[in-house]
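Observations on the three-dimensional arrangement
Single-letter residue listing:
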Amino acid sequence: MAGKRHRGWRTFLTNKYLKDKEIFFVEYDPEYPVKYAIFITEEEWVAFVAQRRDENFKKVSATNRERASNPTYAYKKGRLGYARLEEKILDETKSDATSLPPHVLWKEARVGKDGTVRDDVQHIYDECETLSQSISTAEDQENMSVLSRALNVPEYPGRVRGKGHGCTPTSLYKNPRRRNPSNQEVMETLQALQAQVLQLQKDNERYRCMEKCSSQLKETSEKASINCQNKFPEGISSCQLYLSSPTYRLVGKGKVHNTSGDLLHHRPLPDGHLKVSVDVVLDKDALLPIPDIVSETTLLRDAIGSFVAWPLDLIFIDDETPTKPASKDKGILRHNESVASQKEVFAQGSQQLSQKIGSRQKNKRDLPVTYLPKKGAFVPRYQISLETLVDSSDMATAGAIRLLDMEEDIFGYSCTETIGKEDLEHIFRHQELGVGVIHTYIRFLYDNFMRGNDQLSNRFRFVSSSLVNKALICREPDSCRKYLVKRFMASSTNNLYLWPYNSGCHWLLLAIDPLKEVVYFLNSIDGEWTNYPDMKQLVDTSIKVFRSQRQARVPRTKSSNITWIKVQCPLQRNGIDCGYFVMRFMREIINMNQIEIPITYFDEYKCAHYTRLQLEQIKEELCQYFIEKRLISI
């Protein structure tokens, strides 16, 4: 409005002092308007006269005057103005809208008193209606408006055509002021794009493998009845899983199911493949030889606890040593070499244990009596005894297993845990642990600490890693959520639920207090919970459903804010100790008998790293429990 007043003021001065009655510029120098000396200095007046007498100014002024005197689409509402016209239309139509589209208002402003609409005006309006169906609001704001496109005229910056004087794009569209992105925002965008490229590469590999898989699948169930392979013992056997591309390497361990007529997810197995269950992943980036079409799983780490198809020539029973295929040249990773390259050197007691194993007596029933460790060295007595029992029992053969009953009070449902020779070998050799060993240690904690102790059994509970893990969260998120909510609903007072979570190739511990809506995050590799978005989303959703089912009232400020606390727990110094750390975390939490875990961890157990002796104590407890429960008998 101030600009409009200022332009009117300058026009008034021009017409009064610089032009004659016929509205032509006078030839003589106009007198200085002393009347307005308080507003205009003599220097400003001289500059103003020179600017108005400039030939370019006169040319532009004449052009604009001619255009205004004969407009193509004449405005016919007099002094009503666009703003009052819009208000009048909204009042007459009793509309709830706060404004009209510019092309609608433009058309109404060109309707005469007789109410007739010129054909050319109606044509522009119809074209605007057509364009508005194909142009988004963002395009309308960013480039030319619908009305400007229909009129085929340039858009002046800072104005909105068909809305009258003073209306700007910012005031009409409420657009935030643009600014250049910061370096941090640019880097975040770059990282997001790189992640998308990586995902596209993985998807491309997945679809390529799926296409290969579809060409290999058998079409009849009769062919599936002859998939039992002679080179493998019938039944279930512990095995090692290898891949040949891009290098020949050991990528995981599991169990091979060599059973006649076996199917994989109700489909026949591909030629040259057997069904295996994945227990341990050694290469977190390893791809499945054939992706799981049902669950859309492409990575080996996402298949833990489930069945996949594996090529026959890349499966080796535990007592076999894989040899290099004839087509390969170099880079063979034999069983002993691959283990030695990935595992750290055993402690002194474990070294002596290896020497004892190498010179074992022929009579395996005799307990070791000549084994004399050095003075002051830790002696893994129960490990030695259990290993001798294993070698003297049927567990020494591949495929032998033991069953451990898990009571309903432990995980909220009755189940049976399977322990194989491979699980025990993981303990003896200090290798990565599978879910069977973790659950067995939970049973040990329940029997030795919580059974008969109402205070501990009512305060601490466990979540089954077999029912909630990375693979199941991606494949069956609803069943995982239902199980967690059911476990939380068993709480009558504040309980701390201990959940060993397997992310595919790493164990970490979650301690969840569902009533206080607090989640303690204990990760022995110093990672953040944001690195596990599927797990975090599942926990948050389960707590919210639990909150809804118990009809809890939560302040609005906290309705979507579940507290996650990263505990500064001891950290591992290699890539294999995560399972042992998780078992020790659970033991120390129960031993302290506290629902709230300090952020800096318990003072009694605070340290930067667990020593090998502290981890060996956990293994000794496990081995002692196996012996006392008579799970291994001669």
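Everything below is about the structure printed above this text.
What this report covers is the structure whose coordinates are included nearby. As the structure is a computational prediction, the values presented were derived from the model and not from experiment.

Our next topic: the overall build of the chain. Helix and strand counts for the chain stand at 23 helices and 16 strands. A burial count over the chain gives 43% of its 634 residues as buried. The long-range share in the chain, meaning contacts at least 24 apart out of those at least 6 apart in sequence, stands at 65%. Surface exposure of the chain reaches about 35400 Å², of which carbon and sulfur atoms provide 50%.

A few words on the nonpolar core. Phe-462, Trp-499, Leu-510, Leu-522, Ile-597 and Tyr-601 are the most contacted members of the largest nonpolar core, which has 87 residues in total. Considering every element that reaches this core, the biggest residue donor is helix H22 (residues 578-592), with 10 residues. Not counting chain neighbours up to four residues away, the residues in contact with Tyr-601 comprise Leu-522, Val-567, Gln-568, Cys-569, Pro-570, Phe-585, Glu-588, Lys-606 and Tyr-610. In this structure, Tyr-242, Val-276, Leu-288 and Phe-316 belong to the second largest nonpolar core, which totals 27 residues.

This part covers the sheet that holds strand E13 (residues 496-502). Ordered in space as E12-E13-E14-E15-E16, the five strands form an open sheet in which the pairing is mixed. Two strands in the sheet have a free side with no partner beyond their single neighbour: strand E12 (460-462) and strand E16 (563-566). Taken pair by pair, the neighbouring strands of this sheet meet at an average axis angle of 25 degrees, ignoring direction. Of the strand pairs in this sheet, strand E15 (residues 518-522) and E16 are connected by four bridges, and their pairing is parallel. Within E16, the residue paired with Val-518 across the bridge is Thr-563. Here helix H20 (residues 477-489) sits on the sheet in contact with E12, E13 and strand E14 (507-513), set at roughly 160 degrees to E12. Set on the sheet, H22 makes contact with E12, E13, E14 and E15; between it and E14 the angle comes to about 25 degrees.

We now examine the pattern of salt bridges. Within the structure shown, the criterion is met by 22 salt bridges. A salt bridge links Glu-55 to Lys-58; its shortest N-O distance comes to 4.0 Å. Here Glu-55 and its partner Lys-58 are both found in helix H3 (residues 55-69), three residues apart, which amounts to about one turn of the helix. A residue is classified by how much of its surface remains accessible, and Glu-55, at 56% relative accessible area, is exposed. Among the ionic pairs, Lys-516 bridges to Glu-596, the shortest N-O distance being 3.0 Å. Pair noted here: Lys-516 is in the loop between E14 and E15 and Glu-596 is in the loop between H22 and helix H23 (612-628), with a separation of 80 residues, a long-range link. Overall, the relative accessible area of 35% leaves Lys-516 in the partly exposed class. A single network of salt bridges, built from pairs that share partners, joins Glu-407, Arg-443, Asp-447 and Arg-451.

A word on the packing of aromatic side chains. Summed over the entire model, instances satisfying the criterion amount to 25 aromatic pairs. A ring pair is formed by Trp-9 and Phe-39, whose centres lie 6.4 Å apart and whose planes are at 80 degrees; its orientation type is edge-to-face. Highlighted residues: Trp-9 in helix H1 (residues 2-18) and Phe-39 in the loop between H1 and helix H2 (42-53), separated in sequence by 30 residues. Between Phe-585 and Tyr-610, the aromatic rings sit 6.0 Å apart at their centres with planes inclined by 50 degrees, giving tilted as the arrangement. With Phe-585 in helix H22 and Tyr-610 in the loop between H22 and H23, this pair connects stretches of sequence that are 25 residues apart. Since its relative accessible area comes to 1%, Phe-585 is described here as buried. An aromatic cluster is defined as three or more aromatic residues linked by ring pairs; in this entry it consists of Trp-499, Tyr-501, Phe-521, Trp-529, Tyr-532 and Trp-564. Above the face of the Tyr-17 ring, Lys-16 is positioned so that its terminal group lies 5.8 Å from the ring centre. Stacked on the ring of Tyr-610, the Lys or Arg Arg-584 has its end atom at 5.2 Å from the ring centre.

A positive phi angle, close to 55 degrees, is found at His-430, a residue other than glycine. For His-430, the position within the fold is in the loop between helix H16 (421-428) and helix H17 (435-450). Unlike most non-glycine residues, Glu-517 shows phi in positive territory, near 60 degrees.

With that settled, the discussion passes to the packing of H20 against helix H21 (residues 533-549). Where H20 contacts H21, the axes come no closer than 9 Å and their chain directions differ by 50 degrees. By the criterion of interaxial angle, the relationship of H20 to H21 is oblique. H20 and H21 meet at a crossing whose hand is right-handed. Contacts between H20 and H21 involve Pro-477, Cys-480, Arg-481, Leu-484, Val-485, Phe-488 and Met-489 from the first element and Leu-538, Thr-541, Ser-542, Ile-543, Val-545, Phe-546 and Gln-549 from the second.

A few words now on the pairing of strand E2 (residues 249-258). Most of E2 is tucked away, with 10 of its 10 residues classed as buried. Pairing of strand E1 (residues 235-243) with E2, which is carried by nine bridges, proceeds in the antiparallel orientation. Bridge pairing links Gly-235 to Asn-258 in E2. Between E1 and E2, which pair antiparallel one after the other, the connecting turn spans five residues. Direction of pairing for E2 relative to strand E5 (residues 273-281): antiparallel, over a ladder of six bridges. If you follow Gly-254 over to E5, its bridge partner there is Val-278.

Conventions adopted
- Residues numbered from 1 in each chain as written.
- Predicted model: local features only at pLDDT ≥ 70, side-chain atom pairs only at ≥ 80, totals over all residues.
- Heavy atoms only, no water.
- Helix = DSSP H or I, 4+ residues; strand = E, 2+ residues; numbered from the N terminus.
- Buried < 20%, exposed > 50% of the residue type's maximum accessible area, 1.4 Å probe, protein only.
- Contact = heavy atoms within 4.5 Å.
- Areas by Shrake-Rupley, 256 points an atom, 1.4 Å probe, with all protein chains shown as cover.
- Core = buried A, V, L, I, M, F, W, Y, C linked by side-chain atoms within 4.5 Å.
- Pairing = 2+ DSSP bridges.
- Axes fitted to C-alpha atoms, helices over the stretch in contact; angles between N-to-C directions.
- Salt bridge = Lys/Arg side-chain N within 4 Å of Asp/Glu carboxyl O.
- Phe/Tyr/Trp six-rings, centres within 6.5 Å; stacked < 30°, edge-to-face > 60°.
- Lys NZ or Arg CZ within 6 Å of the ring centre and 35° of its normal.
- Parallel < 35°, antiparallel > 145°, perpendicular 65-115°, else oblique.
- Left-handed = near helix turned anticlockwise from the far one by under 90°.

Keep in mind these values describe shape, not function.
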